[in-house]
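Per-entry structural report
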Amino acid sequence: MSQSIIQQLQSNTGQRVLHRVWIMSDLQQDEFENARVCLTQATEDFRSLELECDQIWYLGDSVQGADRDVLQQMISLQIELLSPFNIPLKFACGNHEFDPYWPQIEQGSPLGKGETLSVLSYEQFSDVPGWRSSEKISDLYYTDRLGAYTLFFFPDHADERCAWIAAGGEVHGDASAYPHDEAAYLAVRELIANTPGPVITAGHTSFSGGLRASTLLSQMLPLPSNVRAHFYGHSHIGEAFYGGPACFRKLSTVDTQNIPQFDVAALENYRADAIRSTLLEIYEDGTFGVHFREHCNRRWSDAYYIAPP
């Protein structure tokens, strides 16, 4: 079989790759067998590509539902299938990580004294050697490095006693108890602006201009000029119910800014149109290559190349 144009481009640029990151989000199944089928196809297809990666970014909604026995099965499955790649993994919670606690929020009844949230994916992924997430479940962001690039991850987050959950770009529960006011978001923007060198941001949701944009994150706009790109999940590509008329849009820009943001969802094809993940390649001259892979079809569907500033 002859190579596709995207494969030819990859062959021509392969020797110029400085960093490569495998980005995924939204496995999000409430039945274990569905999760197993999707993730098995994704990992087997990725292994067949024989591509070396510096990191994995897992941008949330690894699970769905409140049955902790099923959640545990799904989390164990993901650790079993992803850890053998021996690639450092950076995790950011999504809204479905908190599914067991939505009744508490709806009833306005925080956990009792001495009780704290137990978010299984957050806790167990953080325990895998080489994998990490935010230090506390209530953290607004955490940082990491990829060579000369500083990474800012923005997970969905929650009060440890479930007074509030910040998910889907909004605060649910007791908004008055939410500690990250507008000034806190602006302080993060200032921190990014004062960070030497280029910055990449990633999280479960997008900034304004992306699909299902976060009202909370958008308080940071305009983003500093050293931000090269943002990567997010949450809006499953091909699902019109939530994504609306733009549900197939993978590339957008931050409102009023020439900063690309990429929707990488979803790692499933029950709601989305394909079992999908994304590869970010950063080349020696600072160009970004963003390649979308449909694992169920074993093909590259899209490739975007972004020149350095």
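Bear in mind that the values here come from a model prediction, so they are computed numbers and not experimental data.

**What about the packing of aromatic side chains?**
Counted under the stated rule, the structure contains 20 aromatic pairs. Here the aromatic rings of phenylalanine 231 and phenylalanine 262 are separated by 5.3 Å at their centres, their planes lie at 15 degrees, and the arrangement is stacked. Remark: phenylalanine 262 occurs in strand S13 (residues 260-263) and phenylalanine 231 occurs in strand S11 (residues 227-232); sequence separation between them is 31 residues. Of the two residues examined, phenylalanine 231 and phenylalanine 262, each falls in the buried class. Above the ring of phenylalanine 292, the side-chain terminus of lysine 250 is found at 6.0 Å from the ring centroid. If you follow arginine 293 out to its NZ or CZ, it ends over the ring of tryptophan 300, 4.9 Å from the centre.

**Side note on the packing of helix H3 (residues 68-82) against helix H5 (residues 120-127)**
Any two packed helices are characterised by the angle at which their axes cross and by the distance between the axes. Here H3 crosses H5 at 30 degrees, and the two axes come no closer than 10 Å. As summarised for this structure, H3 and H5 are arranged roughly parallel, according to the angle between their axes. Between H3 and H5 the crossing geometry is right-handed. Side by side, H3 and H5 meet where Arg68, Leu71, Gln72, Ile75, Gln78 and Ile79 of the first sit next to Leu120, Ser121, Gln124 and Phe125 of the second. Residues belonging to the contact of H3 with H5 are distributed by class as follows: 5 nonpolar, 4 polar and 1 charged.

**Some words on the pattern of salt bridges**
A full pass over the atoms with the stated rule returns 12 salt bridges. Linking arginine 276 and glutamate 294 is a salt bridge whose minimum nitrogen-to-oxygen distance equals 3.7 Å. Of this pair, arginine 276 sits in strand S15 (residues 274-283) while glutamate 294 sits in strand S16 (residues 288-294), placing them 18 residues apart in sequence. Judged by relative accessible area, glutamate 294 falls into the buried class, the value being 6%. Among the charged side chains, a salt-bridge network with shared partners connects Asp273, Arg276, Glu294 and Arg299.

**Some thoughts on the pairing of strand S9 (residues 170-173)**
Pairing between strand S8 (residues 164-167) and S9: 4 bridges, direction antiparallel. Each bridged residue has a counterpart across the sheet, and for alanine 167 the counterpart in S9 is glutamate 170. Adjacent in sequence and paired antiparallel, S8 and S9 are bridged by 2 residues, among which glycine 168 carries a positive phi angle near 65 degrees.

**Describing the environment of glutamine 64**
Relative to the helices and strands, glutamine 64 resides in the loop between strand S2 (55-58) and H3. The contact partners of glutamine 64, leaving out residues within four places of it in the chain, are Gln28, Gln29, Asp30, Leu71, His96 and Asp99. There is a polar contact of 3.4 Å between the side chain of glutamine 64 and the side chain of glutamine 28.

**Describing the side chain of glutamine 28**
Structurally, glutamine 28 is set in the loop between strand S1 (17-24) and helix H2 (32-49). Judged by its relative accessible area of 3%, glutamine 28 falls in the buried class. At 3.0 Å, the side chain of glutamine 28 and the side chain of histidine 96 are in polar contact. What glutamine 28 contacts, discounting residues up to four positions off in sequence, is Asp61, Ser62, Val63, Gln64, His96, His236 and Arg271.

**Topic: the nonpolar core**
Grouped together as the largest cluster of nonpolar side chains are 46 residues, with contacts concentrated most on Trp22, Tyr58, Phe98, Leu117 and Ile165. Sequence-distant contacts of tyrosine 58, defined by excluding residues within four places in its chain, comprise Met24, Ser25, Asp26, Leu27, Gln78, Leu82, Leu89, Lys90, Phe91, Ala92 and Phe125. One finds Leu146, Ala202, Ile237 and Ile282 within the second-largest nonpolar core, a separate group that totals 22 residues.

**Details of the sheet that holds S9**
Read across the sheet, 3 strands follow the order S7-S8-S9 without closing on themselves; strand pairing throughout is antiparallel. Strand pairing shows two members of the sheet lacking a second neighbour, strand S7 (157-158) and S9, which therefore form its edges.

The rules behind the values
Residues numbered from 1 in each chain as written. Predicted model: local features only at pLDDT ≥ 70, side-chain atom pairs only at ≥ 80, totals over all residues. Heavy atoms only, no water. Phe/Tyr/Trp six-rings, centres within 6.5 Å; stacked < 30°, edge-to-face > 60°. Helix = DSSP H or I, 4+ residues; strand = E, 2+ residues; numbered from the N terminus. Buried < 20%, exposed > 50% of the residue type's maximum accessible area, 1.4 Å probe, protein only. Lys NZ or Arg CZ within 6 Å of the ring centre and 35° of its normal. Axes fitted to C-alpha atoms, helices over the stretch in contact; angles between N-to-C directions. Parallel < 35°, antiparallel > 145°, perpendicular 65-115°, else oblique. Left-handed = near helix turned anticlockwise from the far one by under 90°. Contact = heavy atoms within 4.5 Å. Nonpolar A, V, L, I, M, F, W, Y, C, P; charged D, E, K, R; others polar. Salt bridge = Lys/Arg side-chain N within 4 Å of Asp/Glu carboxyl O. Pairing = 2+ DSSP bridges. Polar contact = N/O pair within 3.5 Å; in protein donor to acceptor, adjacent residues only side chain to side chain. Core = buried A, V, L, I, M, F, W, Y, C linked by side-chain atoms within 4.5 Å.

That's the geometry; what it means functionally is another story.
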